[in-house]
Protein chains: 2
Amino acid sequence: MRTLYTINQMKQKVKEWKRQGLTIGFVPTMGYLHEGHASLIRKASSECDRVVVSTFVNPIQFGPNEDLDKYPRDQERDEEVCIKNGADVMFFPSVLEMYGEDRKTTVSVIGLTAGLCGAKRPGHFDGVTTILTKLFNIITPKKAYFGEKDIQQLMVVKKMVKDLNMDVKIIGCPIVREEDGLAKSSRNKYLNQEERKAALVLSKSLNKAREYIINNKNKEILATEVKEIIAKEISTEDLAKIDYIEIVDKENIAEVNMIKDEILVAIAVYIGKIRLIDNFIL
Amino acid sequence: MRTLYTINQMKQKVKEWKRQGLTIGFVPTMGYLHEGHASLIRKASSECDRVVVSTFVNPIQFGPNEDLDKYPRDQERDEEVCIKNGADVMFFPSVLEMYGEDRKTTVSVIGLTAGLCGAKRPGHFDGVTTILTKLFNIITPKKAYFGEKDIQQLMVVKKMVKDLNMDVKIIGCPIVREEDGLAKSSRNKYLNQEERKAALVLSKSLNKAREYIINNKNKEILATEVKEIIAKEISTEDLAKIDYIEIVDKENIAEVNMIKDEILVAIAVYIGKIRLIDNFIL
């Protein structure tokens, strides 16, 4: 496993692999890798000849009041995770290397980014789609792997790839959870013991919602009923503050009034100062 | 020479060429090919193993009050020009084929598009950069050829390619002119005999400006002096109405106050209802 720091080094390596007819799998991350990322790397490694993991903390997907400076970083640990799970290259460029001093170009997916996290984090998804376009162009992967925890990101990226005729297959992979149910996230590291316990309310509330829907599958269910069940469960936790609870169409992220097949139930909850997300698809 | 109508056909052809190790040159156009385009095709043909010419009239780069429906089209003639000048494929997809029914993604270059044509045609360059991103992804050219008549387009595309790490070299080619000096343009076709004569005022006014600058190269020259010379010349023509006269830095398209090296003098002029552009670089 090699860590590469410049675009030219990365391009050179890709050229070498292409000459040998090897396929490239790509796992884009912001580093501080956890078991969720590891599962993506293993899947890429099982499906592609070579695997690149990028660990670039992308400043343009953070808002002015978000946690860019505090975002956790640990290169050595990331390299270990990459090695252990079968990555061939960790791509770890600097911000200057990626954006230069005079970036003017943005890739935007409009429509899918209006609700959920897009509404709460204006500009966030433009940052995601712009960096991914750059990384796809540099790495030219056959397949790129994304976790379903960031479900809106996954949907946005799929739409971008289709709309722009990019030659990469986007693979969504199931959420990886702690034993007690909390979705794995680099941000979990910020939680103190008390908050860590409180954070369980996300998965618990979603489980209750899912059970309710399944138990009433022969009746008409209003989206508001389900949202109330989630809100009620979250309200039992003093440290938790709801950012959003949304139930939307799985394809176009439009709000639904009635529960039906192919919906996405997504929540964002502050535990103390830490914003966590979770979701399930029905 | 083959004309291909679908993205899949085009991708298939590209795959075939790539397998044979052939390089691809690309000339993106909106069809109604003239000698300016022909010169680009010949240059591509001299530098690359295979040449693709796209002739897609791109609706999203036209404004609501612009001439999309009236834009001239002539497939047969375009195919002749392609054959005669060494193209291997003319790519001629429908609007539905290119954009589907639910396009949500846009590529934008901000900053370079604020002045000149960008100011007069809001959204125009987003349309250009979005379609070119798609075409580059489909055709994967080694080099793409653009005329210097659409100088702002050329600068915007170069910036996009750099910012997004696209693996294509952008080649600018000199303006091709009629014998009397009028820059070749598909829109020239709209001019009646009287207007055709009046249209000469564009190149004439630019020639006067260039002469003035060269004759006074040892003095300080204000941009406003040069603009006045151009405006005065254009005002001699009753059918001509100035859209803009701009003198900007060649690199960042920022307005300059004093004439210096590396400037771009660009004009847009209505001749009757037809908007024509011309420019020179110093």
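Residues numbered from 1 in each chain as written. Chains lettered and ligands numbered in written order. Predicted model: local features only at pLDDT ≥ 70, side-chain atom pairs only at ≥ 80, totals over all residues. Heavy atoms only, no water.

Structural notes on the layout of surface pockets
Now for step 1: Of the voids in this model, the largest pocket is the one considered here, and its volume is about 1800 Å³.
Now for step 2: Put simply, the parts of the chain that give the lining of the largest pocket at least two residues each are helix 1 (7-19) and helix 6 (124-139) of chain A together with helix 1 (7-19) and helix 6 (124-139) of chain B.
Now for step 3: Grouping the constituent residues of the lining of the largest pocket by class yields 16 nonpolar, 14 polar and twelve charged. (1 Å grid on protein atoms, 1.4 Å probe; cavity = no way out; pocket = protein on both sides within 12 Å on 5 of 7 lines; lining within 4 Å. Points joined across faces, edges and corners; volume = space filled by probe spheres on them. Helix = DSSP H or I, 4+ residues; strand = E, 2+ residues; numbered from the N terminus. Nonpolar A, V, L, I, M, F, W, Y, C, P; charged D, E, K, R; others polar.)

Overview of the domain arrangement of chain A
Residues and elements named next belong to chain A.
Now for step 1: Taken domain by domain, chain A consists of domain 1 (2-173) and domain 2 (188-281).
Now for step 2: A C-alpha centroid distance of 27 Å is found between domain 1 and domain 2.
Now for step 3: Counting residues at the interface gives 16 residues for domain 1, matched by 17 residues for domain 2.
Now for step 4: Taken together, both faces of the contact between domain 1 and domain 2 bury some 1400 Å²; the carbon and sulfur share is 67%.
Now for step 5: Of all residues in domain 1, the largest losses of buried area upon contact with domain 2 belong to Leu116, Lys120 and Met155, amounting jointly to 38% of the total for that side.
Now for step 6: At the surface where domain 1 touches domain 2, the tally comes to one salt bridge.
Now for step 7: Here Lys120 and Asp243 are joined by a salt bridge, their closest N and O atoms 3.7 Å apart. (Domains from an automatic or database assignment. Contact = heavy atoms within 4.5 Å. Buried area = accessible area lost by both parts, 1.4 Å probe. Salt bridge = Lys/Arg side-chain N within 4 Å of Asp/Glu carboxyl O.)

Thoughts on empty space enclosed by the protein
Where empty space is left can be seen by rolling a probe of water-molecule size over the atoms.
Residue and element names in this part refer to chain A.
Now for step 1: Inspection of the entire model under this criterion finds two cavities of 30 Å³ or more.
Now for step 2: Estimated volume of the largest cavity: approximately 60 Å³.
Now for step 3: Around the largest cavity sit Met30, Gly31, Tyr32, Thr55, Val57, Pro72, Arg73, Asp74, Gln75, Asp78, Met90 and Phe92, which together line it.
Now for step 4: Considering only enclosed or pocket space, the second largest cavity measures out at about 50 Å³ in volume.
Now for step 5: Along its surface, the second largest cavity is lined by Lys149, Leu182, Ala183, Ser185, Asn188, Leu202, Leu276, Ile277 and Asp278.
Now for step 6: Here the lining of the second largest cavity takes three residues from strand 10 (residues 274-281), the largest share from any one element.
Now for step 7: A per-class count over the lining of the second largest cavity returns five nonpolar, two polar and two charged.

Points about the side chain of Thr129(B)
Residues and elements named next belong to chain B.
Now for step 1: For Thr129, the location among the structural elements is in helix 6.
Now for step 2: Of the polar contacts made by the side chain of Thr129, one reaches the backbone oxygen of Phe125; its length is 2.8 Å.
Now for step 3: At 3.3 Å, the side chain of Thr129 forms a polar contact with the backbone oxygen of Asp126.
Now for step 4: For Thr129, the contacting residues outside a window of four places in its chain are Val107, Ser108, Val109, Val156 and Met160. (Polar contact = N/O pair within 3.5 Å; in protein donor to acceptor, adjacent residues only side chain to side chain.)

Things to note about the pairing of strand 3 (residues 50-55) of chain A
Residues and elements named next belong to chain A.
Now for step 1: The buried count for strand 3 comes to five of six residues, which makes it a mostly enclosed element.
Now for step 2: Bridge analysis of strand 2 (residues 24-29) against strand 3 gives six bridges, and the strand direction is parallel. Along strand 3, the bridge assignment pairs Thr29 with Thr55.
Now for step 3: In this structure, strand 3 lies alongside strand 4 (residues 89-91), joined through three bridges in parallel fashion. Paired with Val52 across the strands is Val89, a residue of strand 4. (Buried < 20%, exposed > 50% of the residue type's maximum accessible area, 1.4 Å probe, protein only. Pairing = 2+ DSSP bridges.)

Considerations on the interface of chain A and chain B
Now for step 1: With 24 residues of chain A in contact, the opposing surface of chain B contributes 24 residues.
Now for step 2: The junction of chain A with chain B conceals about 2100 Å² of combined surface from both sides, 50% of it contributed by carbon and sulfur atoms.
Now for step 3: The set of elements that each furnish at least two residues to the side of chain A that touches chain B consists of helix 1, strand 5 (105-109), helix 6 and helix 7 (151-163) of chain A.
Now for step 4: Across five bridges, the pairing between strand 5 of chain A and strand 5 (residues 105-109) of chain B is antiparallel. Looking at the pairing, Val109(A) lines up with Thr105(B) of strand 5 of chain B.

Overview of the packing of helix 9 (residues 200-215) of chain B against helix 10 (residues 223-235) of chain B
Residues and elements named next belong to chain B.
Now for step 1: Packing of helix 9 against helix 10 brings their axes to within 9 Å, and their N-to-C directions diverge by 150°. Compared by their axis directions, helix 9 and helix 10 come out roughly antiparallel. In the packing of helix 9 onto helix 10, the handedness of the crossing is right-handed. Listed contacts from helix 10 to Val201, Lys204, Ser205, Leu206, Lys208, Ala209, Tyr212 and Ile213 of helix 9 are Glu225, Val226, Ile229, Ile230, Glu233 and Ile234.
Now for step 2: For the contact of helix 9 with helix 10, the class distribution of residues is nine nonpolar, one polar and four charged. (Axes fitted to C-alpha atoms, helices over the stretch in contact; angles between N-to-C directions. Parallel < 35°, antiparallel > 145°, perpendicular 65-115°, else oblique. Left-handed = near helix turned anticlockwise from the far one by under 90°.)

Here we look at unusual backbone geometry
Keep in mind that most residues, glycine aside, have a negative phi and that most peptide bonds are trans.
Now for step 1: Non-glycine residue Ile253(A) carries a positive phi angle of around 60°.
Now for step 2: One can find Ile253(A) in the loop between strand 8 (240-249) and strand 9 (263-271).
Now for step 3: Look at Ile253(A) and you get buried, because its relative accessible area is 9%.
Now for step 4: Despite not being glycine, Leu116(B) shows a phi value in the positive range, around 45°.
Now for step 5: In this structure, Leu116(B) sits in helix 5 (residues 116-120).

Describing the UniProt feature "active site" (unreviewed entry) in chain A
Residues and elements named next belong to chain A.
Now for step 1: The sites that carry the UniProt feature "active site" (unreviewed entry) are, in the present numbering, His37.
Now for step 2: For His37, the location among the structural elements is in helix 2 (residues 35-47).
Now for step 3: On the accessibility criterion, His37 (12% relative accessible area) is buried.
Now for step 4: His37 has contacts with Thr29, Gly31, Tyr32 and Ser186, leaving out every residue within four places of it along the chain.
Now for step 5: Of note is the side chain of His37, whose polar atom sits 3.0 Å from the backbone nitrogen of His34. (UniProt positions renumbered as here; feature names shortened; annotations may be inferred.)

Considering the pattern of salt bridges
Now for step 1: Applying the stated criterion across every chain, the model contains 38 salt bridges over all chains.
Now for step 2: The salt bridge partner of Asp180(A) is Arg196(A), with a shortest N-O separation of 3.0 Å. In this pair, Asp180(A) is assigned in the loop between strand 7 (169-173) and helix 8 (193-198) and Arg196(A) in helix 8, connecting sequence segments 16 residues apart.
Now for step 3: Of the residues examined, Asp180(A) reaches a relative accessible area of 38% and is grouped as partly exposed.
Now for step 4: The closest approach of N and O atoms between Lys227(B) and Glu255(B), which form a salt bridge, is 3.3 Å.

So, the environment of Asn188(A)
All names here are of chain A.
Now for step 1: The topology assignment puts Asn188 in the loop between strand 7 and helix 8.
Now for step 2: Asn188 gets classed as buried once you look at its relative accessible area, which sits at 12%.
Now for step 3: Expressed as a C-alpha distance, the spacing of Asn188 and Ile274, which sit 86 residues apart in the sequence, is 8.2 Å.
Now for step 4: Discounting residues that sit within four places of it in the chain, Asn188 has contacts with Glu178, Leu182, Ala183 and Leu276.

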